[in-house]
Amino acid sequence: MPPRPTAPPTVGAKNLTKNVTRNGGGFNPSINPSLTLNIPSPKGGGGAGSTSAQGVATTGGSRGGSVPGADFMSNDDIRAFCEHLRKDARNRATERAMDADHLEAVLRTIPDATGNRSGSRARARRVSRWLKKIAAGEKNIQKYAAMVYGTFEREFEAELRTISKGRPKQNQRQPFNWR
C-alpha cells in the first residue's frame, strides 16, 4: 500500500503527464496509472481469493476454502462457520461505524455554496446515516450468526447426543454433599 499523501490533489493541467515520443515530443493529455493488487491467498496456493499474474483478484468457488466449516459436514463445522461469520461481521461493523463517524466529521467542515456552515452538520448526518445503517446491519449479522448455532444445537440435540457426548441433560443434578 502506498504511503498516505500529505498534500491535497492538484486540479487541472498539473495532473497531466508530459510524454516525449519519437516524433519530436508532444504533450499527451492521457493518464495511464499502473495499479497492481497483491492479495495473498489464505493457504498460499491458488485457492479462492488468489491473484493472477496481472495482479487481478480471482475468485474460486462460492465459499470454498477460505471460510472454515463451509461444507457443513459436522456440528464442529457449523460452529466454526457461525463463529467465523460472527467475528467477520463484528470487525466490519466496527469499521463501518468508525467510517461513518469519520465521514460525518469531515463533511461537517464543508460550507455550502454561499460559504455558510450553518446547515453543514445536518447535511453531514444525512449523508453518513447510510453508513450507520450498514454498521447496524453488520451488528444484526453477528447476532443472527450466533443464533444459527444456538438454534442448530437446540433442534438437533437428540441426534447430536447419539453421535457424540452431546450436552448433558439439565435435570441431572448431583446431590449436595459435604465431603
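Up top is the structure.
Moving on, we come to the overall build of the protein chain. In terms of helices and strands, the protein chain carries 3 helices and 0 strands. Each helix and strand of the protein chain, ordered N terminal to C terminal, gives the series α-α-α. In the protein chain, which comprises 179 residues, the proportion classed as buried is 13%. Of the roughly 14800 Å² that the protein chain leaves accessible, carbon and sulfur atoms contribute 56%.

Looking now at the nonpolar core. The biggest cluster of nonpolar side chains holds 8 residues, and these are Val 67, Ala 70, Ile 78, Phe 81, Cys 82, Tyr 149, Phe 152 and Leu 160. Listing elements by their share of this core, those giving two or more residues are α1 (75-108) and α2 (120-155). Examining the composition of this core, we find that 3 residues originate from one element, α1, more than from any other. Ignoring any residue separated from it by four or fewer positions in sequence, one finds Ile 78 in contact with Phe 72, Tyr 149 and Phe 152.

So, about the pattern of salt bridges. It is possible for side chains of opposite charge to pair when their charged atoms get near one another. Scanning all chains against the criterion turns up 6 salt bridges. In this structure, Arg 96 and Glu 95 form a salt bridge, with 3.5 Å as the shortest nitrogen-oxygen distance. Arg 108 serves as the salt-bridge partner of Glu 104, at 3.2 Å between the closest nitrogen and oxygen. With a gap of 4 residues between them, Glu 104 and Arg 108 both fall in helix α1, about one helical turn apart. For Arg 108, a relative accessible area of 34% translates into the label partly exposed. One salt-bridge network, held together by shared partners, links Glu 95, Arg 96 and Asp 99.

Moving on to the packing of α1 against α2. Packing of α1 against α2 leaves a shortest axis separation of 8 Å and a crossing angle of 170°. Judged by the inter-axis angle, α1 sits roughly antiparallel to α2. Partitioned by chemical class, the residues of the contact of α1 with α2 number 20 nonpolar, 4 polar and 14 charged.

So, about the side chain of Ser 120. In this structure, Ser 120 sits in helix α2. With a relative accessible area of 4%, Ser 120 lands in the buried category. Apart from residues lying up to four places away in sequence, Ser 120 is in contact with Leu 107, Arg 108 and Ile 110.

Moving on to a positive patch on the surface. On the surface, a cluster of positive charge is made up of Arg 121, Arg 123, Arg 125, Arg 126, Arg 129 and Lys 133. In this fold, Arg 125 is placed in helix α2.

Analysis parameters
Residues numbered from 1 in each chain as written. Predicted model: local features only at pLDDT ≥ 70, side-chain atom pairs only at ≥ 80, totals over all residues. Heavy atoms only, no water. Helix = DSSP H or I, 4+ residues; strand = E, 2+ residues; numbered from the N terminus. Buried < 20%, exposed > 50% of the residue type's maximum accessible area, 1.4 Å probe, protein only. Areas by Shrake-Rupley, 256 points an atom, 1.4 Å probe, with all protein chains shown as cover. Core = buried A, V, L, I, M, F, W, Y, C linked by side-chain atoms within 4.5 Å. Contact = heavy atoms within 4.5 Å. Salt bridge = Lys/Arg side-chain N within 4 Å of Asp/Glu carboxyl O. Axes fitted to C-alpha atoms, helices over the stretch in contact; angles between N-to-C directions. Parallel < 35°, antiparallel > 145°, perpendicular 65-115°, else oblique. Nonpolar A, V, L, I, M, F, W, Y, C, P; charged D, E, K, R; others polar. Patch = residues over 30% accessible without salt bridge, like charges linked within 9 Å, V, L, I, M, F, W, Y side chains within 5 Å. Lys, Arg positive; Asp, Glu negative; His and termini not counted. Charge placed at Lys NZ, Arg CZ, Asp CG, Glu CD.

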